[in-house]
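# What the coordinates show
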Amino acid sequence: MKKLSFYLMVMILSLVVLPTGTYAAEKNPTETPKEIPAEVQTMLNRLEEIKEMDKSDLSSSEKKELRTEVKTIKKNLKATGHGIYLSVGAIIIIILLLILLL
């Protein structure tokens, strides 16, 4: 039984490791990085402005407005789809597979 699980693990790892080397050689190294859209860049700039602000002299209502603005900007940035987001279920499945295979 131990030999079977060992051979199965070696087979799966060989299938996972070998194709990544072939895909890495096919990429074009002269690709330019994607440009950030103007709308997204303005939101990122506003977030930087808020981070650099001196908030010690603001009233509590002004701070609350800033917090809500930051939350809405972050929500909009997530909605644009720039980035990779993993759900909790996907992370749990990945961890379980790693535990079972190792």
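Right above here is the structure, for reference.
The present account deals with the structure reproduced in this document. (Residues numbered from 1 in each chain as written. Predicted model: local features only at pLDDT ≥ 70, side-chain atom pairs only at ≥ 80, totals over all residues. Heavy atoms only, no water.)

## What about the environment of methionine 43?
The test is simple: Here a helix means four or more residues in a row that DSSP labels H or I, a strand means two or more in a row labelled E, and each is numbered from the N terminus.
Within the element layout of this structure, methionine 43 appears in helix α2 (residues 38-52). With 34 residues separating them in the primary sequence, methionine 43 and leucine 77 have C-alpha atoms 7.8 Å apart.

## Looking at the environment of leucine 44
Worth spelling out the cut-off: When a residue's accessible area, from a 1.4 Å probe over protein chains only, is under 20% of the maximum for its type it is buried; when over 50% it is exposed; and in between it is partly exposed.
Mapped onto the secondary structure, leucine 44 falls in helix α2. Of the residues examined, leucine 44 reaches a relative accessible area of 31% and is grouped as partly exposed.

## Details of a positive patch on the surface
The following threshold applies: Patch building starts from residues that exceed 30% relative accessible area and form no salt bridge, then joins like charges within 9 Å and nonpolar side chains (Val, Leu, Ile, Met, Phe, Trp, Tyr) within 5 Å. Using a 1.4 Å probe, the Shrake-Rupley method yields the accessible areas, and only the shown protein chains count as cover for residues. Each salt bridge in this description consists of a side-chain nitrogen of Lys or Arg and a carboxyl oxygen of Asp or Glu lying within 4 Å of one another. Neither His nor the chain ends contribute to the count of charged residues, in which Lys and Arg are positive and Asp and Glu negative. In plain terms, the charge of a residue is placed at NZ if it is Lys, CZ if Arg, CG if Asp and CD if Glu.
Where like charges cluster on the molecular surface, the positive patch consists of Lys63, Lys64, Arg67 and Lys71. Turning to its location among the elements, lysine 63 is positioned in helix α3 (residues 60-80). Its relative accessible area of 32% is what places lysine 63 among the partly exposed residues.

## Some points on the pattern of salt bridges
Summed over all chains, the structure comprises 3 salt bridges. Note that glutamate 69 and arginine 46 form a salt bridge whose closest N and O atoms lie 2.7 Å from each other. Of this pair, glutamate 69 sits in helix α3 while arginine 46 sits in helix α2, and the two are 23 residues apart along the sequence. Here lysine 51 and glutamate 48 are joined by a salt bridge, their closest N and O atoms 4.0 Å apart. Placement of both lysine 51 and glutamate 48 in helix α2 is noted, with a separation of 3 residues, approximately one turn of the helix.

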